[in-house]
Amino acid sequence: MQRRAALWITGAFRTSPSGSTESIAGLILIHLHLRKLAIHSSYRVSTLPSNHALRSLLSDSFSLNSSPHPQSLHLLTPAKKAKVKGPLINVDSSLSHLSDSFSPFAPESKPGSRLIDIFPDSIHFHPCNCSDKHEMYKHVSSLDSAFSSSFSDRNCILVVTDASVPLIGSLQAVSAAHLYRGGRQVSHAKQASGRASSTDAELYSIRIGIAKAISLQCDHIILITDCLPAAKLAVDPSIHSSQSHSIQVCRLLSDWLTAKPSRSIDFWDVPSKWRWKPHLKVHKDVTSTRIHAPPRLGATLDFLRRKITNDCQKSWESTF
């Protein structure tokens, strides 16, 4: 089946070698692709609610206090569990590598109760069109103006965030936020993010930056990041990788905006290649920090999915 698709894509002769044709067509070996899909689906079990039927079949660590099924893994002895083979065993072992926790029915994610639904006029996003140099220049000029105007507003906190994901597997990702008031830096926060993707680490830096800004008593927050998708995830409490960070951000902003209707928050996108000074400063802060990861440290959902995809791609490359 895959050979026929490769021949149709490349227009090669029927006598052409299968492996070469599939490689030129960019079709990964079907057994590697199926293995990737199977492991991805096993991680999805972590997003299921506690009353789902699969939860009652898992071990005690992942059943979320649901009543165990008579044939659940929770009731098997270690000796029997070592002999059993099947999808449930694979799911149970896969979830042990995951550090994320999910809330499928979080109150903040109900339609009409979401932060964007309640405060649509208090949350603003300022994206940057990096494909057009003229538009990017105008955007950075507007960002400079917003940065300068915050100097004279004592009720405004400017937050610059960034994160670093090291290529060395023994190191953790690092998230940081620098806070400015009246033109000078008044505070900073930096924490380890564990084994996380770049978006997850950026999301964590946004969370700690917003939490710190709210603690400094302000009426306007300007948050600057080079990953605007992470900023949009910060106010999206639906199920996604590092959902707990988004729920915490939504709770903090909901209480902060409810206390005073005139309050607002602006998310600005800054291109990392522009090397904007305040962002370059926090970038150097996170990239110069090295935090080692414990041996059994868990990882976020996106990190594990990308790792499986990369492993399958490397296996495919080594095959040829």
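Residues numbered from 1 in each chain as written. Predicted model: local features only at pLDDT ≥ 70, side-chain atom pairs only at ≥ 80, totals over all residues. Heavy atoms only, no water.

1. Some remarks on the pattern of salt bridges
How we decide: For salt bridges, the criterion is a side-chain nitrogen of Lys or Arg within 4 Å of an Asp or Glu carboxyl oxygen. Secondary structure elements are defined from DSSP: runs of H or I of at least 4 residues count as helices, runs of E of at least 2 residues count as strands, and each element is numbered from the N terminus. Only protein chains enter the area calculation, which uses a 1.4 Å probe; residues under 20% of their type maximum are buried, those over 50% are exposed, and those in between are partly exposed.
Evaluation of the coordinates by the stated rule reveals 5 salt bridges. Notably, a salt bridge pairs Lys 190 with Asp 285, separated by 2.9 Å at the nearest N-O pair. Here the residue Lys 190 occupies a position in strand 4 (residues 184-194), and Asp 285 occupies one in helix 11 (residues 277-287), the gap between them amounting to 95 residues. Judged by its relative accessible area of 36%, Lys 190 is partly exposed. According to the relative accessible area criterion, Asp 285 is buried, its value standing at 16%. The network of salt bridges with common partners includes Asp 219, Lys 260 and Arg 263.

2. Things to note about the side chain of Ser 197
For the record, the criterion: Residues adjacent in sequence count toward polar contacts only when both atoms are side-chain atoms; beyond that, a polar contact is any pair of N or O atoms within 3.5 Å, and within protein one must be able to donate a hydrogen and the other to accept it. Contacts were defined at the residue level, with two residues in contact if any of their heavy atoms lie within 4.5 Å.
As for its position among the elements, Ser 197 is in the loop between strand 4 and helix 8 (198-215). By relative accessible area, Ser 197 is classed as buried at 4%. A distance of 2.8 Å separates a polar atom in the side chain of Ser 197 from a polar atom in the side chain of Asp 200. Not counting residues up to four positions away in its chain, the partners in contact with Ser 197 are Val 165, Thr 300, Asp 302, Phe 303 and Arg 306.

3. Describing the packing of aromatic side chains
The criterion, for reference: Between 30 and 60 degrees the pair is tilted, below 30 it is stacked and above 60 it is edge-to-face, where a pair is any two Phe, Tyr or Trp rings, Trp via its six-membered ring, whose centres lie within 6.5 Å.
Counted under the stated rule, the structure contains 5 aromatic pairs. Ring geometry for Phe 147 and Phe 151: centres 5.0 Å apart, planes at 75°, overall edge-to-face. Measuring from centroid to centroid gives 5.3 Å for Phe 147 and Trp 276, while their planes differ by 75°, and the two rings are edge-to-face. You can see Phe 147 sitting in helix 7 (residues 133-149) and its partner Trp 276 sitting in the loop between strand 6 (264-269) and helix 11, a full 129 residues away along the chain. An identical accessibility class is assigned to Phe 147 and Trp 276; each is buried. Three or more aromatic residues joined by ring pairs make a cluster, and in this case those are Phe 147, Phe 151, Tyr 180 and Trp 276.

4. Topic: the nonpolar core
Stated precisely, the cut-off is as follows: The term nonpolar core refers to a set of buried residues drawn from Ala, Val, Leu, Ile, Met, Phe, Trp, Tyr and Cys, joined through side-chain atoms within 4.5 Å.
Ranked by size, the top nonpolar core spans 31 residues in total, and within it Ile 210, Leu 253 and Phe 267 carry the most contacts. Element by element, the count of residues in this core is highest for helix 8, at 7 residues. In this structure Leu 253 touches Leu 115, Ile 210, Ile 214, Val 235 and Ile 265, once residues within four positions along its chain are discounted. Among the nonpolar cores identified, the runner-up in size contains 17 residues, and Phe 147, Tyr 180, Ile 224 and Val 282 belong to it.

5. Focus: the UniProt feature "domain: RNase H type-1" (unreviewed entry) in the protein chain
Here is the rule: UniProt positions are given in the numbering used here, feature names are shortened, and annotations may be inferred rather than shown by experiment.
The feature "domain: RNase H type-1" (unreviewed entry), as annotated in UniProt, sits at residues 181-247 in this numbering. Secondary structure over residues 181-247 splits into 45% helix and 27% strand, and the C-alpha atoms at its two ends are 26 Å apart.

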